[in-house]
Each structure stands twice: as C-alpha cells, then as structure tokens.
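# Inside the fold
Residue strings, one per chain:
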Amino acid sequence: MAEPKLPTRSEDFSEWYNQLVLRAELADYAPVRGCMIVRPYGWALWENITAALDSRFKATGHVNAAFPMLIPRSFIEKEKSHVAGFSPELAVVTHGGGEKLEEPLVLRPTSETIIGHAYAKWIRSYRDLPILINLWNNVVRWELRTKLFLRTLEFYWQEGHTAHATLAEAEAETRQMLDVYTDFAVNEAAIPVIPGRKSAAERFAGANDTFSIEAMMGDGKALQAGTSHNLGQNFAKAFEIRYLDPAGELQFCWTTSWGLSTRFVGAIIMVHGDDQGLILPPRLAPHQVVLCPIFKNDAEKTAVLEAAHRLRAELAAAGVRVKLDDRDNVSPGFKFNDWEMRGVPLRIELGPKDVAQNAVVLARRDRPGKEGKSSVPQAGLAAAVTARLAEIQQSLLDRALAERRRRTAEPKDYAEFRQAVEAGFALVPWCGDAACEAEIKAETKATLRCIPLEQEKGPAGHCVKCGQPAAERAYFAKAY
RNA sequence: CGGGGCGUAGCGCAGCCUGGUAGCGCACCUGCCUUGGGCGCAGGUGGUCGCCGGUUCAAAUCCGGCCGCCCCGACCA
C-alpha cells in the first residue's frame, strides 16, 4: 500500500472531496488563504470544458474579448443593488507605484460595470446592436469560507455580456445561454441539470431575472453550475448605454450576462466520483484512455512496448486522447489504482499474453474489478475504444440521473419536506412569498434552488410552508 | 466574526503529561530483485520542532504572547 485509502464518500463526503482534489493533482492550496493553484491535470480538464463551451458560444454568434482586471471603485457603486451585493466581498487596491491612489481600484468580482462603461461608448445606433461578447478571465471575491474549486477567492470562468435593442431579444438571449449550459452539462459532462428561474432572494445583484442550472452532487446537495441573467435596463441606466432607434428616439439598451466557472470541475468530481476516486466523463477527460504495458523481462518488454507504441499511435490518429504510462519504477497494480483514482475512463492493459493473441484488455472505470474488463482484438481497436468511450459517457449520465431521481422527493407536507431536504431535492408547490422562502431557509437550511422551467400546467397545489394556493412548484435543497 | 481542531522531514504522524543527543511510516535517491490489482531486500538524502519572548545549567517538551491553516456556522458562482 503506497498511500492510505481515501475516506469513503459515505463516511466523510467533504474530506473525500478535499483529499481527492489534492491526490489526483487537480489543484493545490496556494500560500494565500482561499486561493488555489490549478495543477496541469486540473487545468487540462478545465481546458476541455472551455473548448466545449467556447465552440457553443461561437456557434451562437458570440465573440471573445478581454477586459481589465482593475476597475474604478466608483463603477461598482453606480448600480444600486449591484453595489449592495458585491461590496462586502471586494478586494480593493489602494496603492500603486508606491503612492496612494487617488481613487481605489477593485479587482473585478465580475465585469458588468466595466462592460457597461465600454458599451456606453461603443453603442450609438440600433445598427450597433446586438453586442455579443464573451470573456474568459479570472475574478476575485473575498469569500469567508472557501473550498477548492467550489468557492475560492480567485476563480476562473467565462462571463458573457450582451446588449440588445429590445426586452424580447434580451430574454431570448438569457434563455438561449441557459440552454447552451444545459446542453453542455448533459452532453459533455454527463451531468443532468435542472434549468430554472431563481427566486428574487437568490437573484444576481443587479438582475431582473436570474436563471440557473442546478445539479445534484453525490451527497444529495445542490450546486448552482451555471447562471444566466436578464439585467433588464438596470446597467444600461446606470452606465447610460443608449441607442437611437429607427424612429430617431433615444432608448436604453437591454443587457444580459451569463457565467460558468471552475466550480464546474467540482461538480464533475462530486457527481461522478466513487470511493476509488474520480470518474471523468470521456468527452472532457484529459486522458480518455491510459495504456499500461506489463512485462517481466527484457524480451517481453521489447515486444510489449513495441505493440504499445503502435497502438498508442493508432488511437491518437483516430482522435482518442491516449496516455502511455511507461513508468518503469511502479508496478502495473500501482498504475491501475493510480489512474482509477485520477478518473481515466478506460484503461488498456497490454502484457505478453495479449501480445501473443494480438489482443488487449479493456477495463472500464465505471465498472470496478473484473466485471469491467474484457479482451478485445488489436485489429479495429480504435473503433472499439471509441464505442466503449461513448458507452461510458452514456452510462455516467444514466447513473447520475437515476441517483438524482432516487434522492428527489415530492413531499406532501412540511414534515415530509424537512426530511426530504436532509437527503436530497424536494420539489414542492411554493406560494411565491419571500417570507415563506426565508422561513424555510432558517428552519431547514434548505434554499430555493430554482423554479424549474418545465412545469405541469395549471395550479401546482398549496404552498408546502403556508398552505396558500401556489401557482408553481420549486426545488428546495441544501446547497454548496 | 462565533465554535472546534491542528502547526515536529515533501506527506501522514509519534514524542510533550514527567525538560536531558529529534523519531516512525510513506515518498525521494543508489543498487539488486521484481512487474496481470497499491512488489521485496539493503543502503542512503532530508528537520534552526509555526514565530517572538520568558523560566532553566539545559526547552519540541513548562509559561506568556502572536501568526497561520483546516473543519463546522453566518456570506456566496
């Protein structure tokens, strides 16, 4: 035993997560409290996430740009609810070049304000609209309690910022980007999510309407995995983003913003991981396949490595992200455990017996032990591997969906509701009153995650808390 | 900021009560041997014991102060 085993998820989910992030070499703690170093393996995963999202943003007409990290503090103060929301968590730069600054600068917590400033300069006419810009950057929020990937003082994300001529266009954009996130989560990360609308209490500071995708983690808690905001004309009015319409009338723009962060890496860990470690969805895994050669002596080594290099090249040529683990200072058994902990979806074992039969052993990460192993011929390996990866991708999604269903309840009364949110999600009629929502939060620690977009028609019943008639149903859960 | 825990080798820890040459496991390095589920043997490298001060012939150990980190809560993508 090289390393002590991870804690199991059932005995200590939080500690399982912390240790796994460190041991899998996704990230490490930085010298400053709450900050994180993203290590190459973690960054490779993030790069695959960014690639999958970026292509979707471009396909929907967006372009990338870069905005400065330093923002005049007065900018934050221009939009009333925005300043209220973000002031407590701002990092402020007061000195530069050895001199006290005339006006303090904040490290951007998000870029709505500096975007507002620029858009006000750039937009004159309805012909300038819409503006559809996305930023890949980092932001800083002075959070009190941090956790690797889930909540760090500095995090990486993308933030989209758009400006439109009409409310209808802004609404459509907000919803379109929520759909993009949903599509990404389900089809790339194999994470089932619930797209929905946030309550007023949970809304982004400065938004008229906030939508999110909510995912269930392996311990039944919810994670907001992406958000899309309809900012109405709030920022347009604060920053005077105006245009002349075809009739020559001066109008305020309608703006949106939407973001998805490195927090999503945490979601992947917590949704798919098991007691052995990570299980990465094939479409995002840095290494989709790891090839482990096995041999006893020089003659076997030569033959096995020759085959290994040939197969590695074949797979790479077929577009498979394959890693050949040719370390000779650790045993095959060690490598099996190591790569399982690090979540590689498919392993190829290649030893003298396989070489003799022109075959390899495939071992699926999602099915532990012998059950997940099978011998397949070397001829046509790339096709077999590609097919197997697609199966794993699908099985991860199916499994996560089944788990979410198992942990989602539709309690009939408040007593049942209190039990339900201890185990997972509760879908219940809600009257829409913020007071009920606040009482529920105070009494159960469960928050309103979202009002799902997909609702059955007609009245939903009676509010689980106050019994008043409810027009809609909402998901409540404890959340990260 | 409230509650809890911890700072001794890269990591995990023991030693502290009862002061007296700083230890164990893993990792790392060298060599041999091994390799189909976390190989083995032998030899080695590595620490101003979180920081400052006090007591003492002598402090990882006793006393005082400070700092940092982690976990649980309030805040949050």
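Residues numbered from 1 in each chain as written. Chains lettered and ligands numbered in written order. Predicted model: local features only at pLDDT ≥ 70, side-chain atom pairs only at ≥ 80, totals over all residues. Heavy atoms only, no water.

### Here we look at the protein's contact with RNA strand B
Note the cut-off: A cutoff of 4 Å decides nearness: a residue is near a molecule or strand if any of its heavy atoms lies inside that distance of it. Each polar contact in these results corresponds to two N or O atoms within 3.5 Å; when the atoms are within protein, one needs to be able to donate a hydrogen and the other to accept it, and residues that are neighboring in sequence are counted only if both atoms are side-chain atoms. Helical segments are the DSSP runs of H or I of at least four residues, strand segments are the runs of E of at least two, and each set is numbered from the N terminus.
The environment of RNA strand B is formed by 40 residues, the closest being Arg145, Arg151, Gln224, Arg263 and Ser331. A breakdown of the atoms of RNA strand B within 4 Å of the protein gives sugar and phosphate a share of 46%. In the model, a base nitrogen of RNA strand B is placed 3.3 Å from a nitrogen or oxygen of the glutamate 349 side chain. Between RNA strand B and glycine 351 there is a distance of 3.5 Å, counted from a base oxygen to a backbone nitrogen or oxygen. At the level of elements, helix 1 (13-23), helix 10 (332-341), strand 17 (346-350) and helix 11 (352-356) are the ones that each hand at least two residues to the surface near RNA strand B. By residue number, the principal contributor to the surface near RNA strand B is helix 10, which donates seven residues.

### Regarding the packing of aromatic side chains
Here is the rule we go by: Aromatic rings from Phe, Tyr and Trp, taking only the six-membered ring of Trp, are treated as a pair when their centres fall within 6.5 Å; an angle between ring planes under 30 degrees marks them as stacked, one over 60 as edge-to-face, and anything in between as tilted.
Counted under the stated rule, the structure contains 14 aromatic pairs. With centroids separated by 6.1 Å and ring planes inclined at 75°, the aromatic side chains of tryptophan 46 and tryptophan 136 adopt a geometry described as edge-to-face. Taken as a pair, tryptophan 46 in helix 2 (residues 40-59) and tryptophan 136 in strand 7 (residues 131-140) lie far apart in primary sequence, 90 residues in all. Aromatic pair phenylalanine 184 and phenylalanine 264: ring centres 5.0 Å apart, planes at 55°, arrangement tilted.

### Looking at the domain arrangement of chain A
What counts here: Per the annotation, domain bounds derive from an automatic or database assignment of domains. Only heavy atoms enter the contact rule, under which two residues are in contact if any of them lie within 4.5 Å. Once two parts are brought into contact, the accessible area they lose, counted with a 1.4 Å probe and summed over both, makes up the buried area. By salt bridge we mean one thing: a side-chain nitrogen of Lys or Arg within 4 Å of a carboxyl oxygen of Asp or Glu. Residues are sorted three ways: Asp, Glu, Lys and Arg are charged, Ala, Val, Leu, Ile, Met, Phe, Trp, Tyr, Cys and Pro are nonpolar, and all the rest, Gly among them, are polar.
The assigned domain composition of chain A is domain 1 (13-272), domain 2 (289-391) and domain 3 (408-477). On a C-alpha basis, the centres of domain 1 and domain 3 stand 27 Å from each other. On the side of domain 3, 16 residues touch domain 1, which itself brings 20 residues to the contact. In this assembly, domain 1 packs against domain 3 so that about 1,400 Å² is buried in total across both faces, 60% of it on carbon and sulfur atoms. Summed over the shared surface of domain 1 and domain 3, the result is two salt bridges. Ionic pairing is found between arginine 449 and glutamate 214, a salt bridge with its closest N-O pair at 3.1 Å. Within the residue set of the side of domain 1 that touches domain 3, elements represented by two or more residues are helix 6 (167-187), strand 9 (194-197), strand 10 (209-216) and strand 11 (222-230). At five residues, strand 10 tops the list of elements feeding residues into the side of domain 1 that touches domain 3. Looking at the side of domain 1 that touches domain 3 residue by residue, the classes come out as eight nonpolar, five polar and seven charged.

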